[in-house]
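What follows is the residue order along each chain.
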Amino acid sequence: MNYVQSSWVFVLITVEDIPDLDPQFTNLPNSARVEEGTPVATSVFRVNARDPDMGVNSPIEYSIKSASVNGLFQISPDSGVISVLSELDREQHLDNDGVITLQIEAKETKMNVDGINAAATSEIQITIGDKNDEKPTFYDCTDSCVLQSVFNGNIDEHSAVGLPVLGLHITVEDKDKGENSTFDLSLDGPDKDAFSVVPNRAVSRANVQVHMKSPTDVDFEEKESMTVTIIAVDSKDNTFSSSATVNIAINDVNDNSPRFEKETYNLEVAEHSPEGTPILRITATDPDREDAGNIVYKLLPESMYKYFTVDPNTGEVKVGEDGALLDREGRSFYPATLQAKDKANNTGTAILEITLTDINDKRPRMARPTYKEFVEEGPGVKFEVEIQAFDDDEPDTPNSEIVYAIVPGPFSDNFTIDANTGLLKMNGFLDREAIDPELNGLIELNVTAFDKGEPPLGTWAIVEITVQDINDNKPHFQRKEYNFTVKEREQGAYINSVLAKDSDQTETNNRISFSIRGGGDSSFSVRSFLAPDDMGYWGNISVDQDIELDYETRKSYSFTVEAVDTDRNSDEARVNVTVLDVNDETPTLKAGIVIVVKENTTIEGGVIGKIVGKDEDTKHELEYELVSSECPCFKDGVCKEEWFLVEPTGDVKINPEYDIDYEACHEVILHVKVTDILTEVGKNSSEGEVTVKIEDINDNAPKFIPVQPNFVVLAESTTKGTSVAKVSATDYDSGENALMTFKVLAVKFIHNNNQTEDPGIIFIVEDQTQTSRNCSGTINSLQSLERNWKGQYVITVEVEDNGGLSSTSEVVVFTVDQSFRVSLLFTSTVEAFNANQETIKWALESATGTTVHIMSIEGNPAQRAQKKITVVAYFIYPNGTALSHGTVLNMVNGNPNTEFRDVLFANGLSGVHTVIDETAKEVDMELYISLAVVGTLMILVIVLTTLLVFMRRNYQRKLKASKAMNSATMAIEDNQKSGPVVPGTNKYTMEGANPVLNLNIDTATDLGFDEDNSNGDRSSINSLDDNIDMNMSDRDTMPMMVIEEEDEDEQHYYEPTSMEAVLAGRGRKKGGSNSPSLTFDNPALSTTDL
C-alpha cells in the first residue's frame, strides 16, 4: 500500500505597484465662467488630477497644452488653478461667442515603467461673461459693412406713410450679449417730425430704415432735401450711445395743382353793362416746373357764358353777349367757378362771386298809404311812429337811401321826423284840452319820402294821430311836514290827519290812497277818507293796534306819508311823532356792584359805599331797602350778625352794633330792593345783589395747635439734627398776614428730682412749612444730649406772623431710658400689623392708660414659617414716666376689660419681653471663651444627673405599678367596686375606683417625684417655646391633691401623674382656641435643660 505524505504552508505574495498608469482628471472635462474685465491673476477654475498608481504616486504637473485663443489664461503647474493672464474683452472673441477652449495636460513628474513621464489631456471651456461696455455702432452695409456716421437716401415728395427712404443700407450693432445688447432708436434733427425710424428697439444687431411719417411735411417745393439724425442708445445704460446723420433728397413729382391766390373772388359790374366790359384778370400759379406758362382757364358752368366769359390764356373775366339782361333788381348776384388746368390735368379752382352794382332806376314806395296812431296827453309821454318806405335799388347806396320830411301844417311843429329813419316823434307834449273839441283830438300830418339818386325819386303818406286824455296831475299835500304827539303804551291810539288833493277832474284820476314809508311802517297805520267840499282826501294816522310805544326805548319817530293816485302818481309829506313819557319802567340794580371794606373799620358816618339804581323813565324817584344779608362762608348762608345797613338813599353803612370780622366771613352779599315811588304803570320795584368784600387786616396773633400730648426722646441716641418734637400753629388772618415763623426762645431741663438746669439753646425749629393759614415745623437737636440726664426738656417756642403779632408755647420732651423699651411678639406679618396698627395701638393704650410710641417693627427671620414679628415700643404716661415690660404684661393680662386683650390676641399678640441692651454684649473674647467652657461643663453635669434620675424613676415606676395592681385587686374585693381596668395603668373606668381619676392635673403642680422638686421639670417643659403660661383665669379652681409617695415597704402605692399626661394637658391648654395664653421670654431657661 502506498502512503501519501503531505504538509502545507501559507504563502503571502505581495504585488508591488509600478508606475504604469496615466494620470486621471477628476473634474474634467468641465466648463467655467468669468466676467470680462476681471482683474489679471483672478482664479477661474481649479483642475484636479490624480495618479491611479497605488503605491508609487507621482506629483502631477499642470499646463495648458493649447487654447482656442492664446494669452488669455494661465494655469498653476502645482495647484492646477486656472487664472486670468491678460485683460478679457468678450467683444474681441465674438467669432466663438466668447467661449475659450483650453486643452489641459496633467503630467507626472516621475517617469513610468516605460521611461517617460505619463500624461493625460482634457478640455475645459471658459465662457467670458458679457459686461455692458459696448455702445451701439452704425454701419453702412451696401456691399460690406463699414463703420459709417453719414448716410444718403432719397424719397418722392408726399409719399405714403410707412414708405422707406430709398438708398439706405444702415445697420446698427451692439457687440454686447443678451440684455446688454439691447438698444433704442429714435430720430432727432430739424426734420425729425416728418419721418420715423424702424425698429424703435433692437437686440444685438438690426437693419434700420427711415420711413415716411408725415407726407405733408415732405414737399419738394418747400424743401429739396431734408436731414434727420438717428440716435442709438443702450437700453440699460444711456451713457452708451451713438448717432448717424441721414441726408434725404426729395424727388419732385407733378403733384401740385394750379392754385389761385384766393379761394373766392368778389367781382362787381354795373347792371345793364354792354358786352365785353372787362371785370378782372385772375391767374393761377403751379410750383411744378413743367407747368410754368402752360395753364388753361375755363368758366363753369358753361351756362354762365351768355352773361360772362373768360380768356383761356390770360384768365380775364368779361361781360357776355347778354349783358343788357343784367338787372340788379331781378338778380343781383351770380356765382361761378373759374377753373385752371396744368399739363398733368391737375386742376385748381376759385369761386367767383359776381355782384351787379346798382343804378337809380327805382322809385321809393310807402309801406302804408295811411298811418292811424293814438297818443296820450301830458308830458313824459313817449310817442314814436316809424314811417317806412322802400326803394328796390341797391341798399346802402344813394339810389336806395330815403329822406323823410313833414309837409308844413297846423300841428306840424308839434312833431319831428328823422330824415334818415322815418321815426316820427312828438316835439314836447300834447294837451288834450288845447285841441279843438270838434276835431275830437285828431291831428293829421303829411309825410314824404325821396331817394338820393340822380335824379331823386319820391312818394308820400297821411299820418292820423288821436290825442287821449290821461291822468297827468299828481296829488299834492297841503303841507310838507306835520308834527304830532302821542302817549306811550296806548295801542291803536288816533294821532292826527294829513290832507292831500289831485287836480284831475274825474274820480278815476283824482282818487288818493295813503301809505307810510321809512321809520314808522311797523308801528303806525294810515287810512284814507274823502274830505268835504272838494278839499281832497284825509289821511288819518294811528298807532298800530298791536303796538305799544315805549318812551324808554324810542322817544320819537319820523316817517314819510305818501299820497298816491290810481296811476301811482304820488306826493310825500314828512310826519314827526313825539312819544310822551309815562312812568312805566321797573327800576333795576346794575349787576356786579362790589363794595370793598377792611375788617374792624370805623368810618365817620359809617358810609362805605353808595348804591345807584337805574330807571329808564324821564321822571323817577328811587328808594332803597335792605331785604336780607347772605354770608357764603356759612353752610346755611345765614349771617350771624347784620354788619351792614342800607339807607333809602342808597348809602351802605356799617352797623355800629357789630364789628366786621374777616375771619368770621370774608364776603357779605346784600339783597337790596329798589323802588320807584313815581311809577304809574307796571311793576315799581326789583331786587338785586350788592357784594361787600371784606379785606383782611393783621388783627389775630398766631396760635399754637397741639400736635400730640407729649414727645419722647432717647438721650443716648440723639445727635445733631435729630428730630425731637413738632410744632404747629394757625393764624386766622389770611395772605401775607398769615405767614408765620417759629423760633426757640429758651430751653430748660427738669430732672426727675425736680432740679432744673439751663442747657442753652440746643434746639432749633427747622423744616417750616406754610399751608394757607397753618404753619408747621420740626424741632431738631443742635447737639448730642446728655446720656445720664433723666427727666424732661421744656422748650419755649415763639411763633410770629408778618405783622409782628406772636405767641409762645412750651413743648415738653421726655427723656426715656432704653431699659423701658418693651418688645411685643406678634404671630403676624409686618404688612398685616401695619394694616391694623391703629387698632392694636388703641388696645394697648386703653389697657395701660399710656401713650404708646412704636419705635420699630421687625420680622424674625429665624421663625419665618411661623410669621412672627417683634414690635419695640415705649409705654409712656403724660408725665413722662414709662412702663417696664413686666408692668405692661400685668396690665394687659390683668385688665378687667377683656375687650382690649381680645383685640390684641385676635391680632396675634403672643408675648411681652424685655429688650436686652446691646451694649451689654460688648465683652472680651476671653470672657466668651471662659463662659463657654463653664457652660459646657454645666451641661454635661446636668445631662448625667438627668439620666441617673430618669433611670431611678423608671425602676421605681415599674415597682409602684406592680404594687398598685395588687392594691387595686384588693380594693375591688373589699369595696365591691367593679369595672374594667385601663390596660397598662392603675386606673379604672369607674369613678372612685382609683384616687388618681377625676383629678384636674395642673401643669404647675408637683409631678410626684418625692426625691426632687418638680419645678425644674416644669421650667424645662416651658422652655420649649421660651414662654411661661401667665393666664391664671382658665385654671381649674379645684384644690390641689398631693399624691404622697409610699415607703417601699408599704402595701399601698399610688402612681403619680405621668410626665406624658402633664405634657398632654399643657398642650391642650396652650393650643385651645378658647384659652389664649400670654407669655414672656424667660432668658434663664433654654432647651438644653432637656
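Named according to an unreviewed UniProt entry, the protein is Cadherin domain-containing protein originating from Coilia grayii. Quoted straight from UniProt, the Subcellular location (unreviewed entry) entry for the protein says "Cell membrane".

For any pair of aromatic rings, the description rests on two quantities: the centre-to-centre distance and the angle between the ring planes. Applying the stated criterion across every chain, the model contains 15 aromatic pairs. Between Phe477 and Phe514, the aromatic rings sit 6.0 Å apart at their centres with planes inclined by 50°, giving tilted as the arrangement. Of this pair, Phe477 sits in strand β38 (residues 476-477) while Phe514 sits in strand β41 (residues 513-517); the two residues are 37 residues apart in sequence, bridging distant segments of the chain. Comparing Phe477 with Phe514, the two get one shared label, buried. Positioned above the aromatic ring of Tyr551, the side-chain terminus of Lys555 is 4.8 Å from the ring centre. One residue, Lys640, lies across the ring of Phe634, its end atom 5.1 Å from the ring centre.

This part is about the state of the cysteines. Working definition: the covalent bond between the sulfur atoms of two cysteines is a disulfide. For the structure shown, the criterion picks out three disulfides. The disulfide partner of Cys141 is Cys145, and the gap between their sulfur atoms is 2.0 Å. Across the S-S bond linking Cys141 and Cys145, the dihedral sits near 110°, which makes this disulfide right-handed. Exposure remark for Cys145: the relative accessible area of 40% places this residue in the partly exposed category. Each disulfide pairs two cysteine sulfurs, and for Cys631 the partner residue is Cys639, the sulfurs being separated by 2.0 Å. In this structure the cystine formed by Cys631 and Cys639 twists about its S-S bond by roughly 110°; its chirality is therefore right-handed. Relative accessible area serves as the criterion here: at 13%, Cys639 is assigned to the buried category. Look at the protein and number its bonded cysteines as they come in the sequence; the links are 1-2, 3-5, 4-6.

Formed by 28 residues in total, the largest nonpolar core has its most connected members in Ile170, Phe195, Ile230 and Ile248. Elements represented by at least two residues in this core include exactly β12 (150-156), β13 (170-173), β14 (182-188), β15 (195-198), β17 (205-212), β18 (225-234) and β19 (241-251). Beyond its immediate stretch of four places on either side in the chain, Ile248 contacts Gly153, Asn154, Ile155, Val165, Phe195, Val210, Ser225, Met226 and Val228. Membership of the second largest hydrophobic core comes to 26 residues, among which are Tyr482, Phe484, Ala493 and Ala500.

Now for the environment of Val797. Counting through the fold element by element, Val797 comes out in strand β62 (residues 791-801). The buried category is assigned to Val797, whose relative accessible area is 0%. Separated by 32 residues in sequence, Val797 and Val765 place their C-alpha atoms 8.4 Å apart. Contacts of Val797, omitting those with residues within four sequence positions, involve Phe704, Val727, Phe742, Lys743, Val744, Val765, Ile779, Ser807, Thr808, Ser809 and Val811.

The strand order across the open sheet built from four strands is β21-β28-β27-β24, with neighbouring strands paired in mixed fashion. Pairing within the sheet leaves two strands with one partner each, and these edge strands are β21 (264-270) and β24 (296-300). Averaged over all pairs of adjacent strands, the angle between strand axes in this sheet comes to 30°, irrespective of strand direction. Sheet topology note: the strand β27 (residues 333-341)/strand β28 (residues 347-357) ladder contains nine bridges and is antiparallel. Directly across from Phe333, in β28, lies its bridge partner Thr355.

Right, let's get into the sheet that holds β15. Within the open sheet, the five strands sit side by side as β11-β10-β13-β17-β15. Their pairing is antiparallel. The open sheet has two edge strands, β11 (146-147) and β15, and neither has a second partner. Looking at chain direction, β13 and β17 are connected through four bridges and run antiparallel. From the neighbouring strand, Thr171 faces β17, where its bridge partner is Asn207.

Another point: a nonpolar patch on the surface. A grouping of Val9, Val11, Ile13 and Val15 is seen on the molecular surface, where their side chains present a nonpolar patch of about 500 Å² in accessible area. Note that Val15 resides in the segment before β1 (24-25). Judged by relative accessible area, which is 75%, Val15 ranks as exposed.

Confidence in the prediction of the protein, expressed as mean pLDDT, is 81, and 85% of residues score 70 or more. Contacts for the low-pLDDT stretch residues 918-924, under 50 throughout, to residues beyond four places or in other chains number three contacts. Across residues 971-979, confidence stays below pLDDT 50; counting only partners more than four residues off in sequence or on other chains, it has eight contacts.

It is worth spelling out the side chain of Thr38 at this point. Looking at the secondary structure, you find Thr38 in the loop between β2 (30-35) and β3 (43-46). For Thr38, a relative accessible area of 16% translates into the label buried. A polar contact of 2.3 Å, which involves the side chain of Thr38, links it to the backbone oxygen of Glu35.

Further remarks concern the environment of Ile75. Here Ile75 lies in strand β6 (residues 73-75). Between the C-alpha atom of Ile75 and that of Val47, which follows or precedes it by 28 residues, the distance is 8.7 Å. Residues contacting Ile75, with those up to four places away along its chain left out, are Val47, Tyr62, Ser63, Ile64, Gly80, Val81, Ile82 and Ile104.

Thresholds applied
- Residues numbered from 1 in each chain as written.
- Predicted model: local features only at pLDDT ≥ 70, side-chain atom pairs only at ≥ 80, totals over all residues.
- Heavy atoms only, no water.
- UniProt positions renumbered as here; feature names shortened; annotations may be inferred.
- Phe/Tyr/Trp six-rings, centres within 6.5 Å; stacked < 30°, edge-to-face > 60°.
- Helix = DSSP H or I, 4+ residues; strand = E, 2+ residues; numbered from the N terminus.
- Buried < 20%, exposed > 50% of the residue type's maximum accessible area, 1.4 Å probe, protein only.
- Lys NZ or Arg CZ within 6 Å of the ring centre and 35° of its normal.
- Disulfide = S-S within 2.5 Å.
- Core = buried A, V, L, I, M, F, W, Y, C linked by side-chain atoms within 4.5 Å.
- Contact = heavy atoms within 4.5 Å.
- Pairing = 2+ DSSP bridges.
- Axes fitted to C-alpha atoms, helices over the stretch in contact; angles between N-to-C directions.
- Patch = residues over 30% accessible without salt bridge, like charges linked within 9 Å, V, L, I, M, F, W, Y side chains within 5 Å.
- Areas by Shrake-Rupley, 256 points an atom, 1.4 Å probe, with all protein chains shown as cover.
- Salt bridge = Lys/Arg side-chain N within 4 Å of Asp/Glu carboxyl O.
- pLDDT = per-residue confidence, 0-100.
- Polar contact = N/O pair within 3.5 Å; in protein donor to acceptor, adjacent residues only side chain to side chain.

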